[in-house]
Each structure stands twice: as structure tokens, then as C-alpha cells.
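# Structure assessment
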Amino acid sequence: MQTWLPAEFMQTSEGKAADAILRSCVHCGFCNAACPTYTLLGNELDGPRGRIYQIKGLLEGSPVTAQTQSHLDRCLTCRACETACPSGVQYAKLLDIGRAEIAKRVPRSVPQRLLRRALRWIIPSTRRFGLMLMLARALRPLLPSAVQRYIPLAKPSGVWPQVRHSRRMLILAGCVQPVLEPGIDSSLARLLDRHGISAVPVYAGCCGAVSHHLTAAEQTHAHIKTTIDALWPSIESGIEAIITTAGGCGAMLRDYRHILREDAEYSAKAARVTELCRDPVQIIEALPIDAAAKGRRVAFQAPCSLVNALKLEGRVEAVLQRVGFDVLPVQESALCCGSAGTYSILQAGLANELRERKLKNLYLAEPEIIATANIGCLTHLNAASQIPVAHWLSLLEMD
Amino acid sequence: MSLSKTTCAALMTRLGKVLSKHALLHDEEALRPYECDGLSAYRQLPAVVCLPETVEQVQAVLRICDELQVPVVPRGAGTGLSGGALPDHAGVLLVLTKLNRILEIDAPNFCARVEPGVRNLALSEATRPLGLYYAPDPSSQIACSIGGNVAENSGGVHCLKYGLTVHNVLGLKMLTIEGELLDIGGKTLDAPGYDVLALLCGSEGLLGVIVEITVRLLPCPECAQVMVAAFDDVAKAGAAVGNVIAAGIIPAGLEMMDKLAIRAAEDFVHVGYPKHAAAILLCEVDGARVEVPEELQRVRQIMLESGAFEVRIATDEAERALFWKSRKATFPAVGRLSPDYYCMDGTIPRHRLAEVLTRIEALSEQFGLPVANVFHAGDGNLHPLILYDANREGDLTKAEALGACILRLCVAVGGTITGEHGVGIEKLDGMCMQFKSSELSQFLRVKAAFDPQGLLNPGKAVPTLHRCAELGAMHVHRGQVPFPELERF
Ligand SMILES: Cc1cc2nc3c(=O)[nH]c(=O)nc-3n(C[C@H](O)[C@H](O)[C@H](O)COP(=O)(O)OP(=O)(O)OC[C@H]3O[C@@H](n4cnc5c(N)ncnc54)[C@H](O)[C@@H]3O)c2cc1C
Ligand code: SF4
Ligand code: SF4
């Protein structure tokens, strides 16, 4: 598409990146078909092609109001549009630029600002989030049952094996997962241990994804740097890989290189982290795991981060199949479940509609269990699912 | 002529009573993304965008517009490549994507009733578990609407054997501009009286707004196999197309891609096509399990005899799907090679294929703009994609001039200016090239019979005689571009 970005903006690296992305879009509309919000709302303004167009207008200097902002806010950043786009448009990068620009031009209401700030303050901090959850759990019996569903019970954290092998990998714990589902990482650690790999846990708080989605660049950079600092000594000592069991965090680590590309001090380190980061499936598919699942019926909910950001479509399903699960087909498998980081809080209506649709599709083939690969999807689905939802890594240990 | 303040106020008040706040867009900020369809070189802001959710709402909108004499441009998914859904600046853009329900799948009678906003591929996905599918498959099928398909009489890679949209539609419900609901055709193949159904297929939103479609479904073939044949010379590939058809074989699909098109598609889908091919042919054979392998071998033999240096048959269903995905994504994949492309849609007699392709190559060199070719070779429907850069001054004008030369070439060898993408706004001048004024007058009379005030999609598909006359004059004067009134990239 033709573009008219102001000359001054074109001098900046953001401006150049935005221009290149905008020009790579040929306005074919293929992406709309893959977009969850376009599917629900049928409005060009709520689809990727229309969002790209709105960002183009915004960056070209057309007047914008909260209207445009609301259409950009409704985007889940699921990146299904990127997977669908034949022309290779890097939509998410453009959206980041667009969201940052509109945040400058359209101030949010006070309650909205407070809510966003509160989310950025609580979620990325394991301690604060843990305290809130403890409080909620204590009050749980007093609350109506509809609310109770949203407060997950405490789960056992499982035994972490001794570090004893010469092959070493890091498991980055992230922010909310150690509080909500502490058992996932340790089950991965035990599995790796049985196959001659020692996993070392790293607790560094949020990887930066939460603030990144809330367009808080400074805080994002700070979180990334804290994470890098926590990882660095082990990286220098020669670990093989950095694993995260939350697809959302994996997608974020994959972007470290890009986000800190202009940071004199950290760009090289960030690039190294991106190089070393792996999803568990990339490690596990190479291990000789026994088939033990004996035909249990599982429906896998492939997180958007896994499919669209990490581009690992079908890989977890293949491992589950290999170890003996009956992996059932899922209709509309590419449609986001609505979790999307803080989206389920900020856009609850759309998030719930997407969850209902996702669950209906997951139930269709009558699974015994639903598996997923991201903490966000797991808690979001579990709050409404009639069938238990588990991380696929926990399934590998079940028999 | 723009909408007067009083008409606009009356229009908004009355539409506001029919549509919810979110279904009625009026601010420039919200209208902007609706200013163009798949042909983004032509842009025009509408006065208002309406997003009705029910047939009753569509009807109410039409009645209001008819009474206030406000033009109406229907729009489906906005993937059209001829600017058919380009808004009227003094009119309503009537977007039908929210009417996206599949109303009935009548499996025993091999048909389905759908609302116009249902995506083409969504219908086949919904019917596949029942062993049925909807045959016309435009490359844009993932996104385009069935209403839009009917309005454009769209074709697709499988239309060589199964026909265009018109051959697969059994009935329509259409609203006239006055808001009268017409029920045309039905679940059977023939209906008494004039074949109005055929007239409406391809009417490009000029005669009425389609609000329901009954389509014919086909049983999924027992077996379908696709092969790719690679050639070191485009002319050889062109000849091979003729040889396959001459042997009495009607493939389910027969598509050609040239070097540039292959490069773009490979970048996206990674099928692993032979790298050195000047052209490839994709040929699908379908039918009974006992027949297909034998026929496929015959095609293979013909391809080799026609000079193919490699023939590869998709090993399984997944690979077959991948072949077609790459073919169907080729237009937008060309966006990887060039910021913009201008897609042509001429048809030619099949036996002139090799000659026309050679002449297009010469024209491409003459104008200094690359041309990628990807098209329905089996039915002689060319889609030369002219690669240009809209940010470079003069490039679009050059691309349009090259396009016009290509279309003139198509007409000169006995073909037409459009195979399946419609005339829209973009090929109006081509219509002057193709038809005599007496023929155009007949078209205009049909239009007037349905829409006496000329409110539905005005200025599209059929040029006024005046325009054609002026065009004659324009060619003498040169230098002046078509549609000076439109903002352009
Ligand atoms: C990448 C790409 C590949 C394509 N490949 C093909 C192909 O292989 N074959 C092919 O035939 N086309 C192809 N097209 C063109 C386009 O997809 C088709 O013309 C399609 O049928 C348009 O459908 P739409 O829903 O997008 O309609 P729109 O573009 O929204 O509208 C098209 C026309 O139909 C009218 N219209 C839409 N809905 C209605 C309705 N309900 N009632 C009355 N009028 C209506 C509009 O006014 C307009 O004139 C391709 C387009 C792209 C971008
Ligand atoms: S699919 Fe890609 S090129 Fe096509 S409209 Fe969407 S982003 Fe643009
Ligand atoms: S990221 Fe997801 S929600 Fe956002 S535009 Fe793309 S497909 Fe739609």
C-alpha cells in the first residue's frame, strides 16, 4: 500500500519499520478470516486489515479519537493474522508502534488508567500476585459460587530433582505461574532429569509480557533487563537452553532481540537470550519417551503464542500422539480462546464470548481431558470448562 | 454531487432508528478503512457505513435510501479486485458481513441456504463432515463472501470442471432498491419464466441486494490427486495446457504459475517447487478411486511429451492441500516481491496462450515493470500481476497503461477484458473497448428496469455511452488519466 508518513517520523527507526510493514500489506483481506474479533463482530474496523488501515491513518497524522483506540484495544495480539498473511506482514510490530502512538494522542479515562496501572503493578510481581491470591483463597468460602470459579485453589508444587547431570537447561519461572500452577515446571524438570538433563529454575519475576501488552515500554524494558540479569550467570556458564513452559513468555523471550535492539548495553545479551530460548516441545520431541497414555482422549487447545509467535503448530499434538494419547480433532483450532494476557480482564465481554466458542469446539469430540501449553489459557478455560484443563506437560506424568 | 446537509441529517436520524449505534458509522475516522476494497488504488470515502444484522434491517435501509434518493453501494468482504465495492461519496456503503449465518444444510437434496456474508470457505468447512462441498473456489475463498461471489459471478481453480458461481446457485432472495423482496429460483435446477437468476449472477450490486442464496453442493470426490509439472519455457507450458484438453481430459483444475509467481508463493508456503522452472502447471484430477490414478498417468505422459522436465504428484492429502494453498495465496504473496501489484483479469482463447504470454513479456520490458503470471490456464483466464511501487511517482499510471495494453491484446486475440473479477469501476473503459454502443444501451435498459433512479452502485460495471464517446476523444488527446475525480494512490 502507498504510505505518506511524515518526513520527521520517517527519520526514526520506528517510522522506518512502520513504513516497511504498511507497504508490505496488499489489502487482500485474507487475514480478516483468521481474526477472532472480526469473526465475532464482522466490522472491518475490528479486523487486522482495518486495524492496519487505522494505524496507517494514525501515523500519517489523521485526527483520531477514543474510537480508533477502542478498535486497537480489542485486538488480542493473538497474531493469527500474521500466520494467515501471504504477504508476510508483521502486524504485531506495527500494532506496538500504533498503540504507543495513540497512547500519546488519546488520554485514557482515570478509572481505565488506574486499572491498567494496578494490573501492571500486581501481575508481574510474583509476591504481590501471590498475596492477592492468598487473600482471595481465604475469602473464597464466603463468596458466591459464580465468583469462586475464578479463584483457583492452591496446587502442590512437586519435587524438583537435584542438579546432577552435565547437560543443563534453565527453566524460567515467570510471574503468575509459580503461584497458580507451581507443579508444571517441576514435572518438566523431573521428565528432563529422567533423560539425562538437569533443569535449573530461575525466578526473575515477569518476563515483560504483561507491561508490553499494556504499552508500558519503560516497565517492559526494566522487566526484560531484570530477567536477563538473572539468566546471565548461567548463560555464561554454558547452559544449553532457556525453557519456559508458558507459551506467552516464550513468545516474549523470542522478541527480546527485537525489543532491545537499540540498547547499547543489553542488545547483545538480549539477542543471546532469544537464541537460547526454547519451548518444552522442542526439547521433548527429541527424547525417547515411552508410550504410556493408553489411548486417553485428549483435545489440545493450541495457544496462539505457540502457533503464531513460536510457529510450532502441530508439534505438541505429535508428541501426545506418540506417547499414546488419542488426540482429537478440534474445529476452529486457530481461533484464540480469549485469554490473551490481561485481555480477559480488560475486554471481559469479548473474552468470554471467545471462551464459550472455544470450549464448544473443544467439547465436540468428547475428550476426557483438555490440554494446553500456556498458563493464561489454562486458567481462563478452567474457570468455565466442564472438562478439566491441564498443561500438556502434566499429562506426560499422569500414568 | 455530495449529500446536502439536510438530506444527511434526515438520513442519519432515520437510519439511527433502524440500526444500533455500532452499526452506523459516520465519523471520518471510522469510514476511512472502508474507503476501498481489494483494489486499494481507488479510494473514496462514503457518507455513511451501515452494518445491518438482519434482512429486515437491510430492507429498512434500502427504503430510507430510496425515499431520500441516496445512492447505495453493497459490500461483502471487500476482496473485490475491480473496485466494485468502492463507496459513493454521497451514499451509503451497505456492508453485509454481519449476515453470516448458514441457514440450512439440506444434505439429502445437496443444497444449502446461506446469508450473503457467509465466507465461501466457511460453507465448505461446514458441509465437509457431511461429505459435501461448495465447488466454486475463488483463490480468495478464505475471505470472500458468497454474496460477493454471486454479485461477481466468481470463478475459481475448480471451475474448469464444475462451472462458475452461476452454475452452482439454485436460488436467490434479493431486495430491490425499493425494498421489495424477490424470491428467485429455488431448490431445483430449472424454474419457469425468464432466467433472471443468471442475470443477477454477475450483476455487481447494480440490480439489487442479495440477502439469501441457495447453493448447490456436490459430494466430495472419492479421490482427488494433484500434480505439478515443471517447464523450462513458458511457451511449452502453454502448449501442454492445450494438449491436455485436446486429449479429452477435463481436469478438476489446471493452473499455471510463472517464475515470479513461483518465487512469491514459495516464500510463503515452501512447497519445494523446482527452482529453475520458468513455469509450472498444477493439474488436479478427481473422480472415482479406480479412475483417477489411470487418468493421472495419462496427464503425466502428456506433460512429459509436452516438454515438462519434472512431474511430481502430491503424496498425500496434506501435500495436496499445500499445493493449492500456495496457488491460492499467490496474489498476496506477490506482496513479498513488490509493495503493490495491479491484477489483470483478461481471457483469451486457450490456443493463443503461449503467444499472448510472450507478448505480455515484451510489453513488461517495454514499460519497465515486472509482470508475474498466475492463472486459470485451463479456461484461458489470465491474471497478469503488474508489479509497481505506489510510492514512486508515475508508477501507477504506468501500471494502468501497461494493463490497458494487455487487455487490448486479450480482446485482439478474441478474448475478453474480464474473466471473473468483474468490471467494477476499474474496467469501465475496457467495456467501451469490448462492446458496441447498441449493446451497452441494452445493458443500461436492464439496469433501468430494476433501478429506475440509478441509486444502486452508481457509476459501476456499465459505462455511459457518453463516457465511451469521451474516451474516444481522450485517446486522441492523450496524457489525461481516467477517473480524474477520484483520489488515487
Ligand atoms: C487475493 C485475491 C484472489 C482472488 N481470486 C479470485 C478468483 O480466483 N476468482 C474470482 O472470481 N475472484 C477472485 N478474487 C476477487 C474477489 O475475491 C471476488 O470478486 C469475490 O467474489 C468478491 O467477494 P467479496 O465478498 O469480497 O465482495 P466485495 O468485494 O465486497 O464486493 C464485490 C461486488 O459485489 C457487490 N456485492 C457484494 N455483496 C453483495 C450482495 N450481497 N448483494 C449485491 N451485491 C453485492 C459489491 O457491490 C461489489 O460490486 C480475488 C481477490 C483477491 C484479493
Ligand atoms: S493478509 Fe496480509 S496483505 Fe492481506 S490484508 Fe491482511 S495483512 Fe494485508
Ligand atoms: S492479532 Fe489477533 S485479534 Fe489482533 S488483528 Fe490479528 S488476528 Fe485479530
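Summary of the structure given here. This is a predicted model, so every value here is computed, not measured.

Cut-offs used in this document
Counting restarts for each chain: residues are numbered from 1 in the order of the written sequence. Naming scheme: in the order in which they are written, chains are lettered from A and ligands are numbered from 1. The predicted origin of the model limits local features to residues at a pLDDT of at least 70 and limits the giving and counting of side-chain atom pairs to 80 or more, whereas totals for whole chains, interfaces and linings rest on all residues. Processing note: side-chain calculations cover all non-hydrogen atoms of the structure and skip hydrogens and water entirely. Two strands qualify as a pair provided DSSP detects at least 2 bridges between them. What counts as a helix is a DSSP run of H or I of at least four residues, what counts as a strand is a run of E of at least two, and both are numbered from the N terminus. Throughout, an axis means a line fitted to C-alpha atoms (over the contacting stretch in the case of helices), and angles, computed between N-to-C directions, take values from 0 to 180 degrees. Counted as salt bridges are all cases of a side-chain nitrogen of Lys or Arg within 4 Å of a carboxyl oxygen of Asp or Glu. Relative accessibility thresholds used throughout: buried, under 20% of the residue-type maximum; exposed, over 50%; partly exposed, between the two (1.4 Å probe, protein chains only). Residues are treated as being in contact if the distance between any of their heavy atoms lies within 4.5 Å. Being near a molecule or strand, for a residue, means having at least one of its heavy atoms within 4 Å of it. Put simply, Ala, Val, Leu, Ile, Met, Phe, Trp, Tyr, Cys and Pro go in the nonpolar bin, Asp, Glu, Lys and Arg in the charged bin, and everything else, Gly too, in the polar bin. Buriedness of a pocket was judged along seven lines, with at least five required to meet protein on both sides within 12 Å; pockets are open sets of points on a 1 Å grid over the protein atoms alone, cavities are sets where a 1.4 Å probe fits but cannot get out, and lining residues have an atom within 4 Å of a point. Grid points are joined across faces, edges and corners, and a volume is the space filled by probe spheres set on the points. Any two cysteine sulfur atoms within 2.5 Å of one another count as a disulfide. Only rings of Phe, Tyr and Trp enter the pairing, Trp through its six-membered ring, and a pair is recorded when the two centres are within 6.5 Å. The plane angle decides the type: under 30 degrees is stacked, over 60 is edge-to-face, the rest tilted. Only lysine NZ and arginine CZ atoms are considered, and such an atom sits over a ring when it is within 6 Å of the ring centre and within 35 degrees of the ring normal.

## A closer look at the sheet that holds strand β17 (residues 340-343) of chain B
All names here are of chain B. Strand order in the open sheet formed by 7 strands is β16-β13-β15-β14-β18-β19-β17, with antiparallel pairing between adjacent strands. The sheet terminates laterally at β16 (310-313) and β17, the two strands that pair on one side only. The average angle at which neighbouring strand axes cross in this sheet is 20 degrees, direction not considered. Relative to strand β15 (residues 279-287), strand β14 (residues 253-258) runs antiparallel, the two being bridged by 6 bridges.

## Focus on the pattern of salt bridges
A full pass over the atoms with the stated rule returns 43 salt bridges over all chains. The shortest N-O distance in the salt bridge between R79 of chain A and E82 of chain A comes to 3.2 Å. Classification of R79 of chain A as buried rests on a relative accessible area of 19%. A salt bridge links R392 of chain B to D395 of chain B; its shortest N-O distance comes to 2.9 Å. Here the residues in one salt-bridge network are E28, R32, E35 and R43 of chain B, joined through shared partners.

## A look at helix α9 (residues 259-269) of chain B
Along α9 of chain B, the residues classified as buried are A261, I262, A264, A265, E266, F268 and V269 of chain B. For α9 of chain B, the secondary structure elements touched by its buried residues are α6 (80-84) of chain A together with β14, β15, α11 (317-328), α12 (330-333) and β18 (371-375) of chain B. Just past α9 of chain B, the residue H270 of chain B takes up positive phi, approximately 55 degrees.

## Points about the site of ligand 2
In the vicinity of ligand 2 lie 13 residues, with C25, C28, G29, C31 and C85 of chain A positioned nearest. Across the shell around ligand 2, the residue classes tally to 9 nonpolar, 3 polar and 1 charged.

## Considering empty space enclosed by the protein
By rolling a water-sized probe across the atoms, one finds the places where empty space is left. Residues and elements named next belong to chain B. Under the counting rule described, the total for this entry stands at 8 cavities of 30 Å³ or more. Considering only enclosed or pocket space, the largest cavity measures out at about 690 Å³ in volume. Counting residues per element, the lining of the largest cavity draws most heavily on helix α5 (residues 146-152), at 5 residues. Class assignment for the residues of the lining of the largest cavity results in 16 nonpolar, 22 polar and 7 charged.

## Overview of the sheet that holds strand β5 (residues 92-95) of chain B
The strands that make up a sheet pair up through hydrogen bonds in the backbone, lying either parallel or antiparallel. All names here are of chain B. Strand order in the open sheet formed by 4 strands is β1-β3-β5-β4, with mixed pairing between adjacent strands. Edge positions in the sheet fall to β1 (24-25) and β4 (72-75), since each has one partner strand and no second. Pairing of β1 with strand β3 (residues 48-50), which is carried by 2 bridges, proceeds in the antiparallel orientation. Pairing of L24 across the sheet is with C50, part of β3. Each of β1, β3 and β5 touches helix α1 (residues 5-18); the most contacted strand, β3, lies at about 15 degrees to it. The sheet contacts of helix α3 (residues 55-68) involve β3, β4 and β5, and relative to β5 the element is tilted by about 165 degrees.

## Details of the state of the cysteines
All names here are of chain B. A complete count under the given rule lists 1 disulfide over all chains for this structure. The residue that forms a disulfide with C432 is C468, at a sulfur-sulfur distance of 2.0 Å. On the S-S bond that ties C432 to C468, the torsion sits near -75 degrees, and the link is left-handed. Placement of C432 in helix α15 (residues 428-434) and of C468 in helix α17 (residues 465-477) is noted, with a sequence separation of 36 residues between them. Judged by relative accessible area, which is 17%, C468 ranks as buried. The cysteine C223 is free of any disulfide, with C220 supplying the nearest cysteine sulfur at 13 Å.

## Focus: the packing of aromatic side chains
For the coordinates displayed, the defined rule picks out 3 aromatic pairs over all chains. Arranged with centres 6.5 Å apart and planes meeting at 85 degrees, the rings of Y133 of chain B and Y162 of chain B form a pair that is edge-to-face. Of this pair, Y133 of chain B sits in strand β8 (residues 132-133) while Y162 of chain B sits in helix α6 (residues 159-162), and the two are 29 residues apart along the sequence. An identical accessibility class is assigned to Y133 of chain B and Y162 of chain B; each is buried. Here K56 of chain A stacks its cationic end above the ring of Y53 of chain A, 5.9 Å away from the centre of that ring.

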